[in-house]
Amino acid sequence: MKKLYILGFLQFLSAAIYSQCCSNGANLLADYNPDFSAPFIDVPPGFQTDNPYTFFPTPGTYIIVPSRNYGACFESPQTDHTTGDPAIGRFLWFDTSPTASQADPDVAWKPFNPSLPPATQNAIAVSPNTTYVFSCYIRDLARNPDCFSGGAPLMGLRINGQEMAEIDLALVTEPCCPQWTYLCTEWNSGNDTLAFIQIESRRNDGFNDLGIDDVYFGTTSAFEFSLGADTTICEGLLFSLESPVEGANNEWSDASQGDSLLITEPGEYWLSLEKDGCSGSDTIAIGISLLPEISLGNDTILCAPEAFTLSPVNTGGIIQAYFWQDNTLAPSIEVSNSGIYSLFASNNCGSSTDSVEIVFFEPPNLGTNQSACLGDTVLLSVGPADSYLWNTGSTNNSIQVTSAGEYWVETTLAQCSGTDSVSLIYFTFPSIDLGADTLICTNQPIELAAQEAINYQWSSGETTASINIEESGVYWVNASNGPCKSVDTVNITLEAIPLVGLGSDLNLCEGDLITLTAGAAESYLWSDGSVDDSKVVGSSGLYWVEGRNENCISRDSILISVLNCTCTFVLAIPNAFTPNNDGFNDVFVPQKAECIEESRLRILNRWGAEVFSTDNLNSGWDGRTKLGEAPDGTYFWLIDYTTTSKDKGTMSGFLDMRRK
């Protein structure tokens, strides 16, 4: 069974006319250029006709054009159905051949896929026993301005050879300029798996120019739309529901049929609509929201120093956002300090604000115990309150105190009261004296002392009662007894100690002289009583000199030794001895030793161990050790010496000891 749906200004007498046809599923012709907008050069892709393509249509040809000025529509372009744009929109203009008839019609359009086998290039794959919908828009393009003459095309539709529709566009007469006419019909595939579809032009008298656009073939689906999510509107504000489908036939829940519905009351509203044979409905719930109306209550005085939760009372609409004076975004805040607190509460309809002053009673606070200097006046005061009572009898918020003791005050504020006390101690000023300005010598520190105080602060950063000074400068000390402070200053000048130096002890040869230079000082005193800055000496002895710069003295001494420098050093050592008590060569001693002032003899065995030593070179070694007689053999000797001219040296060698 087929259903045919024809909408437009069409007078069509056929029993196969039905009220609606819904063609809003997936278009199986989507790849066949169904709106004729795909780019082309010679032949538009995706479809075939019986006539050749041309750029200047004449009977028996076709073309793809964006608009057409002709016949009754000569003064207004006849644009395509898809976009209605005369510049970029396109549709198929089929100029029927002179031989077309109902018995032998021209094929004005059929799908074409050259990649398929030749027998199926015009076929669309379908599922058996499935209902499909075919639809398209058609129009007469060449009627004369009298709206009747000129010849109108006779359009036909076949699917798998089955006659689906025949429409005489000559019957579309209102308005005079022909409009796009919607054709929609249902087709059931039965046992077929391929659908061969073709639109035909079946009349050759007159102009018979047929326009085709927006071809559709596919299964139908439910028509869905949405009025949006359930929502809430603000009291007193106008709100309108809009039909989301342009050009649809609407029916609202109040039976109105406009494109919108004005909402003034809460409730449930629905819309049913129909377009292009498709219908659907949706429902939305509308609520009414009020402005927030908040109150933070009356100004409050709190006695206990505890946190207080401040929350608004709301007699209006639901609060969606909170904003306190400290930028807190919570519904309530913890208050622990006195002050003015405000809240800005809002929802989508507006806002409400309120403020409150919270006062936390602060008991009187006289602070810590105080100290003052004799003769000072101390002011004791407390914060704002309704009444005051001091132990002195005063009812003011402050008193002036000039003597030591304990003082208390009681204050009241509304229903709250509190007391506090403080002790006051008086101190005397320290008496300090760092003395007169003083000169000190380098490396001879002086002590600066400040007595009779509790605390000290020196200019050097120290905090002791006294400090040692080693450098020039102005020094001060700040000595304090409690708050009572005394300061004294002294100027310390550093005098450099004279730089005197006679050098290291010296040896002189007999007859030599040497000049001793004292160094840098303002005055000098030598060990012999002379006062020059230098002295010439040539005899042995201990010489000293003192240098003085004002009060600073420095002293140095030197030992001079006069030697006989004409003596020639000689030290001859034998290489063997025989300690057998025969009176001949019994002791290992130098054969000759001259000009030797000091010496030390050491005897080592073959393993390097010392077996004998003596500082008396002339006494020699008799071949004995602490353990008794040394065994015969070869030994190593070393002699360290100092000559009479103070030269030092070492001699060594091997010796052979034999008792037989």
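Refer to the preceding data block for the structure.
Residues numbered from 1 in each chain as written. Predicted model: local features only at pLDDT ≥ 70, side-chain atom pairs only at ≥ 80, totals over all residues. Heavy atoms only, no water.

1. Concerning the pattern of salt bridges
Next up, step 1: Under the defined criterion, the tally for this structure stands at 16 salt bridges.
Next up, step 2: Close ionic contact of E200 with R158 constitutes a salt bridge, the shortest N to O distance being 2.6 Å. Separated by 42 residues along the polypeptide, E200 in strand β11 (residues 194–201) and R158 in strand β8 (residues 154–159) bring together distant segments of the chain.
Next up, step 3: Taking the relative accessible area as the measure of exposure, E200 reaches 1% and is therefore buried.
Next up, step 4: Exposure remark for R158: the relative accessible area of 23% places this residue in the partly exposed category.
Next up, step 5: Where salt bridges share partners, they join R158, E163, E166, E200 and R202 into one cluster. (Salt bridge = Lys/Arg side-chain N within 4 Å of Asp/Glu carboxyl O. Helix = DSSP H or I, 4+ residues; strand = E, 2+ residues; numbered from the N terminus. Buried < 20%, exposed > 50% of the residue type's maximum accessible area, 1.4 Å probe, protein only.)

2. Examining the sheet that holds strand β15 (residues 249–252)
Next up, step 1: Read across the sheet, 4 strands follow the order β13-β18-β17-β15 without closing on themselves; strand pairing throughout is mixed. The open sheet has two edge strands, β13 (231–234) and β15, and neither has a second partner. Taken over all neighbouring pairs, the strand axes of this sheet differ in orientation by 30° on average, direction set aside.
Next up, step 2: Judged from the 4 bridges that link them, β13 and strand β18 (residues 278–289) form a sheet pairing that is parallel. Bridge pairing links T232 to G287 in β18. (Pairing = 2+ DSSP bridges. Axes fitted to C-alpha atoms, helices over the stretch in contact; angles between N-to-C directions.)

3. A word on the sheet that holds strand β31 (residues 405–413)
Next up, step 1: Reading across from one edge, β27-β32-β31-β29 is the order of the 4 strands in this open sheet, with mixed pairing throughout. A single partner strand is all that each edge strand has here, and the edge strands are β27 (370–373) and β29 (387–390). In this sheet, neighbouring strand axes are inclined to one another by 25° on average, regardless of whether the strands run parallel or antiparallel.
Next up, step 2: Taken together, the 4 bridges between β29 and β31 define a ladder with antiparallel strand orientation. Looking at β31, one finds that L389 is bridged to E410.

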